[in-house]
Amino acid sequence: MAGVAAWLPFARAAAIGWMPVANLPMPVAPNQKNKRQDELIILNVSGRRFQTWRNTLDRYPDTLLGSSEKEFFYNEETHEYFFDRDSEMFRSVLNFYRTGKLHYPRSECISAYDEELAFFGIIPEIIGDCCYEEYKDRKRENAERLQDDLEDNKDKKPPNMTCRETMWRAFENPHTSTMALVFYYVTGFFIAISVITNVVETVPCGTSTHQKEVPCGERYTVAFFCMDTACVMIFTVEYLMRLFAAPSRYRFMRSVMSIIDVVAILPYYIGLVMTDNEDVSGAFVTLRVFRVFRIFKFSRHSQGLRILGYTLKSCASELGFLLFSLTMAIIIFATVMFYAEKGSSSSKFTSIPASFWYTIVTMTTLGYGDMVPKTIAGKIFGSICSLSGVLVIALPVPVIVSNFSRIYHQNQRADKRRAQKMQKARLARIRISKTGSSSGFLHSKRNGLFNDPLELTGSIEDEQQLSKSTSLLESQHHHLLHCLEKTTNHEFVNEQCYQQSYLEAGQNYQSQSPSLSSQEGMTGTCCTRRSKKRHSPLPNSSVPSGALMHPLVHPHTHQHALQELSTIHIQPHTTSRSSLNMRLEEQHPLNCQSGGKVTTAIISIPTPPAANSPEGDAQPPAVPAHHQNIVKVSAL
Amino acid sequence: MYLEGLEMIGVLVVVVVFVKVLEHFGWLGAGYDDSVEDELEQSAVRHRPEGLEQLEAQTRFSRKELQILYRGFKNECPSGVVNEDTFKDIYSQFFPQGDASTYAHFLFNAFDTDHNGSVSFEDFVMGLSILLRGTITEKLNWAFNLYDINKDGYITKEEMLDIMKAIYDMMGKCTYPVLKEETPHQHVEIFFQKMDKNKDGVVTIDEFIDCCQNDDNIMRSMHLFENVI
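Because the structure is predicted, anything quoted here is derived from the model rather than measured.

Participant: Is there a simple way to think about the overall build of chain B in this case?
Facilitator: When helices and strands are tallied, chain B shows 12 helices and 5 strands. Looking at chain B residue by residue over its 229 residues, the buried ones come to 42%. Accessible surface, chain B as shown: approximately 12,100 Å² in total, 55% of it carbon and sulfur.

Participant: Sorry if this is basic, but what is going on with the overall build of chain A here?
Facilitator: Counting its secondary structure elements, chain A contains 26 helices and 7 strands. Here chain A holds 636 residues, and 43% of them are scored as buried. When contacts within chain A are restricted to residue pairs at least 6 apart in sequence, long-range pairs at least 24 apart make up 70% of them.

Participant: Honestly, helix α14 (residues 303-314) of chain A in this entry has me stumped. Any pointers?
Facilitator: Every α-helical turn comprises 3.6 residues, leaving residues that sit three or four positions apart pointing alike. Between the first and last C-alpha of α14 of chain A there are 16 Å, a value that for 12 residues agrees with the 16 Å anticipated at 1.5 Å per step. Measuring from the side-chain oxygen of the N-cap residue of α14 of chain A to the backbone nitrogen of Gly304 of chain A gives 3.3 Å; that N-cap residue is Ser302 of chain A.

Participant: Honestly, the pattern of salt bridges in this entry has me stumped. Any pointers?
Facilitator: Side chains bearing opposite charge may pair, as long as their charged atoms lie close to each other. Residue and element names in this part refer to chain A. In this structure the tally under the stated criterion is 24 salt bridges over all chains. Salt-bridge contacts for Lys297 lead to Glu238; the nearest nitrogen and oxygen are separated by 3.5 Å. Pair noted here: Lys297 is in the loop between α13 (278-289) and α14 and Glu238 is in helix α10 (residues 221-245), with a separation of 59 residues, a long-range link. Glu238 matches Lys297 in its accessibility class, with the two residues each being buried. The salt bridge partner of Arg300 is Asp261, with a shortest N-O separation of 3.3 Å. You can see Arg300 sitting in the loop between α13 and α14 and its partner Asp261 sitting in helix α12 (residues 256-273), a full 39 residues away along the chain. A residue is classified by how much of its surface remains accessible, and Arg300, at 18% relative accessible area, is buried. Judged by relative accessible area, Asp261 falls into the buried class, the value being 2%.

Participant: Is there a simple way to think about the nonpolar core in this case?
Facilitator: One recurring pattern in soluble globular proteins: nonpolar side chains tend to sit buried together. Core analysis: the largest hydrophobic core is formed by 77 residues, its most contacted members being Trp18 of chain A together with Tyr91, Phe95, Leu107, Phe124, Met160 and Phe208 of chain B. Per-element tally for this core: the top contributor is helix α9 (residues 157-171) of chain B, with 9 residues. Setting aside chain neighbours within four positions, we find Phe95 of chain B in contact with Trp18, Leu480, Leu481 and Leu484 of chain A together with Ala100 and Met170 of chain B.

Participant: Even after reading the chapter, I still don't get the sheet that holds strand β1 (residues 40-45) of chain A, so can you show me in this structure?
Facilitator: Neighbouring strands of a sheet are bound in pairs by backbone hydrogen bonds; such pairs are parallel or else antiparallel. All names here are of chain A. The strand order across the open sheet formed by 4 strands is β2-β1-β4-β3, and the pairing between neighbours is mixed. Of all strands in the sheet, those bounded by a partner on one side alone are β2 (48-53) and β3 (74-75). Looking at chain direction, β3 and strand β4 (residues 80-83) are connected through 2 bridges and run antiparallel. Pairing of Asn75 across the sheet is with Glu80, part of β4. Contacting β1 and β2, helix α4 (residues 87-99) crosses the sheet at an angle of about 5 degrees to β2.

Participant: Hey, could you run me through a nonpolar patch on the surface in this one?
Facilitator: All names here are of chain A. Together, Phe225, Leu266, Tyr269, Ile270, Leu272 and Val273 make up an exposed nonpolar region whose accessible area comes to about 550 Å². Here the element with the most residues in the nonpolar patch is α12; it accounts for 5 residues. Here Ile270 shows up in helix α12. Residue classification places Ile270 among the partly exposed positions, given a relative accessible area of 30%.

Participant: It is not clear to me how the pairing of β1 of chain A should be interpreted in this structure. Could you clarify?
Facilitator: Side-chain direction in a regular strand flips from residue to residue, so the side chains alternate between the two faces of the sheet. Residues and elements named next belong to chain A. With 6 bridges connecting them, β1 and β2 associate as antiparallel partners. By the bridge assignment for β2, Ile42 is matched with Gln51. Between β1 and β2, which follow one another and run antiparallel, lie 2 residues, and Ser46 among them has a positive phi close to 50 degrees. Bridge analysis of β1 against β4 gives 3 bridges, and the strand direction is parallel. Across the sheet, Leu43 pairs through a bridge with Tyr81, a residue of β4.

Participant: Help me understand the packing of aromatic side chains, please; the structure alone is not making it clear to me.
Facilitator: Remark: the centre distance and the inter-plane angle together describe each pair of aromatic rings, the angle taken between the planes. If you walk through the whole model with that rule in mind, you get 47 aromatic pairs over all chains. Aromatic pair Phe144 of chain B and Phe208 of chain B: ring centres 5.6 Å apart, planes at 55 degrees, arrangement tilted. Taken as a pair, Phe144 of chain B in helix α8 (residues 136-147) and Phe208 of chain B in helix α11 (residues 205-214) lie far apart in primary sequence, 64 residues in all. Phe144 of chain B sits in the buried class, given a relative accessible area of 5%. Positioned over the ring face of Phe235 of chain A is Lys297 of chain A, at 4.7 Å from the centre of the ring.

Participant: Got a minute to help me understand the UniProt feature "domain: EF-hand" (unreviewed entry) in chain B in this structure?
Facilitator: Residues and elements named next belong to chain B. Mapped onto the present numbering, the UniProt feature "domain: EF-hand" (unreviewed entry) falls at residues 99-134, 135-170 and 183-218. Within residues 135-170, the helical portion is 72% and the strand portion 8%, while the C-alpha atoms at the span's ends are 28 Å from each other. For residues 183-218, the end-to-end C-alpha separation is 21 Å, with 72% helix and 8% strand making up the annotated structure.

Participant: Honestly, the confidence of the model for chain A in this entry has me stumped. Any pointers?
Facilitator: The predicted structure's coordinates, where accompanied by low pLDDT, should not be read in detail. Residue and element names in this part refer to chain A. In the predicted model, chain A carries a mean pLDDT of 71, and 65% of its residues have values of at least 70. Between residues 437-469, whose pLDDT stays under 50, and residues either more than four places distant or in other chains, the model counts 60 contacts. Counting interchain partners and residues more than four positions distant, the pLDDT-below-50 stretch residues 508-636 has 244 contacts.

Participant: Looking at this structure, I do not really get the confidence of the model for chain B. What am I missing?
Facilitator: Mean pLDDT over chain B: 82, with 89% of residues reaching 70 or higher. Reported confidences for the modelled complex are a pTM of 0.47 and an ipTM of 0.76.

Participant: Looking at this structure, I do not really get the packing of helix α4 (residues 63-76) of chain B against helix α7 (residues 121-133) of chain B. What am I missing?
Facilitator: The relative placement of two packed helices is expressed as an angle between their axes plus a distance between the axes. All names here are of chain B. Orientation of α4 relative to α7, taken along the N-to-C sense of each, is 130 degrees, at an axis distance of 11 Å. The angle between α4 and α7 falls in the class oblique. Seen along the crossing, α4 lies across α7 with a hand that is right-handed. On α7, the residues that touch Glu65, Leu66, Leu69, Tyr70 and Phe73 of α4 are Phe121, Phe124, Val125, Leu128 and Arg133. Per-class residue counts for the contact of α4 with α7 are 8 nonpolar, no polar and 2 charged.

Parameters and conventions
Residues numbered from 1 in each chain as written. Chains lettered and ligands numbered in written order. Predicted model: local features only at pLDDT ≥ 70, side-chain atom pairs only at ≥ 80, totals over all residues. Heavy atoms only, no water. Helix = DSSP H or I, 4+ residues; strand = E, 2+ residues; numbered from the N terminus. Buried < 20%, exposed > 50% of the residue type's maximum accessible area, 1.4 Å probe, protein only. Areas by Shrake-Rupley, 256 points an atom, 1.4 Å probe, with all protein chains shown as cover. Contact = heavy atoms within 4.5 Å. Expected span 1.5 Å × (residues − 1). Polar contact = N/O pair within 3.5 Å; in protein donor to acceptor, adjacent residues only side chain to side chain. Salt bridge = Lys/Arg side-chain N within 4 Å of Asp/Glu carboxyl O. Core = buried A, V, L, I, M, F, W, Y, C linked by side-chain atoms within 4.5 Å. Pairing = 2+ DSSP bridges. Axes fitted to C-alpha atoms, helices over the stretch in contact; angles between N-to-C directions. Patch = residues over 30% accessible without salt bridge, like charges linked within 9 Å, V, L, I, M, F, W, Y side chains within 5 Å. Phe/Tyr/Trp six-rings, centres within 6.5 Å; stacked < 30°, edge-to-face > 60°. Lys NZ or Arg CZ within 6 Å of the ring centre and 35° of its normal. UniProt positions renumbered as here; feature names shortened; annotations may be inferred. pLDDT = per-residue confidence, 0-100. Parallel < 35°, antiparallel > 145°, perpendicular 65-115°, else oblique. Left-handed = near helix turned anticlockwise from the far one by under 90°. Nonpolar A, V, L, I, M, F, W, Y, C, P; charged D, E, K, R; others polar.

Below is the structure:
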């Protein structure tokens, strides 16, 4: 909005175009109290002087520089505002005021930049699109790094751990105690044994009494069976111990590693249970395949494997894209090849699914040669197929690689730091120095770019409210919106109120009967339920104290100015509101606010006591002292 | 040699790809030159306004006010002229709830007095001078000019309806009371009842000025924005 702040006078002037069309009197324009000539102010940031117009800074009233908070930094002798901050980073802060866009200087450290923004009360979310990606990436990197730091501190053993907790800790971090280390190596050894056994079992072991060669497994059945039993027993014991020690058994059972454990040992037990029936031996053989899952148990022992798995998981979308595009290409080329080769005799391309094999082999540049196109068209399309295969596969791979590299390096860094014995000393030194210094920064400011401005009104009692006044810009802008409302005779409301009023539109807005709009209508429909209760006990005009006591839950009273234009009575309005035009705003009860995020402006305008108003005589309580207009306008 | 069916397609594909590659490298000279010309055109649009003294003479703004106006103008439009899209963009930022583009279009036409598709600083300042420092008659003239879309001297109901719809569009959807379809139409009816004295279905400039001068509300509101700068 900043840049267009300069165009506000233009927009206001153009509002003259609405005037002949409007049927209601316009609200009074906000006064420019002590209208000063625009002056240059000097901002001295660590010796480097920046100069800018005061108006430039006033564009964002809820930042440090735009509000009265900067007065705290005013230096009387030199007539400038002095800030003891980094002047390099101040440049981007000041440019934000000038251009309305916040940029992130890539050469700066991300946390330093964050702190500067927090100091000056600017939320980082408004960083422009040009720099936002970079900012987010750096921030995420930093957060991950910091998280690693935190995890290092887990090495300290907290006192008073139960046996169960000790066991769990031993399982998760094997280097914490000797027992854990022993256990770690033993299980690793047995995993290796088990895998080797499985492999060797199938090797042909030389001839026996039979003529054909037998795999070793069948020759030394007993030996292999004993090995298998031993391994499975170890694995079962380990699994049960882990299950016992886990802090949350249910979560442990659902974790990947435990599922792998279970799958690794199940085949053995199923094999025990099953009889040596010929029918099920086929299935039995299949089950043995699952024994190979034992090799995944190694991932507990190897950091690299875990990283690989994690990378693949985090690149799921790229992998999915790769798969999808490959599938598409395969289907296309298979179809084309099939029809191209249909004509030739003794063609291997007997159907489209049969051509899938050829396409896959060609696209991945394997080229087995078991299926080869013979026609010219087939050869042309075959070559196109292999060229495109190279491209399609090559594209997502760098993304996966860079992901893997990032995660891998992070882990390396974490490992290096863990290995440093001096880590503890460093932390201790930092702790000592920190307690010595005072806190540096202010807390971050309230979020958001919106204000709770006070509408300047014509009445005299509001003078004291002006001490809390907001920028002239805001009040002028709201006056402009107000004029538009008057021109069209409709008010801005927020989403929720609109939905509710839309639903209840049938009952409440009877156009032909102004009497209906009296008691019921005075309370807006969005707060009907709440306000109906509250509205009745309020007497006519002796209510200021009552209103003061419940400022927050005060009913939202509307003026149902005019539902349909046919019921307008212009004359009485103008006479009753002639010069007062007292606008009494009340704070919206919470159910009409859209939670801090903003869509539209809300202005509630109860009529001042007007005896001859055709709208009926329910009085809004006069609230002279509590003027707080919540006019939230987005993105300004 | 006789090529059949798919073979022909295959050969065609290869030839097409080849041609495209050649085009890209400019050997066939097809698309390359246009891009250079486009870039030149874009940078040529730059406008410097007349001197400060002349503008001071032509408008009713003081030197300082002109300076402030120009700084704001130049900030948002560094090239010195506003085209319609930028104009719509800027104006829409003041009315986030609704759609201000239609009204901005009419406004743009009202400001762009020489109808060359862009509003320069002079046009801008002249328009503002009338709106902020002009006499009532001048302001009413300007408003009439705004409403009279085809600039033929008469405001017809259709023109007024367009304007009215544009104004109501700026309110957006979430209003209280709920905006109905007929609201702009009714508003136009009221307007015509008020303004069209001889009931001939159009409003002329004299009827307009006459009627507005007799209406207190309108008179008062014309003075509303005097102190904007």
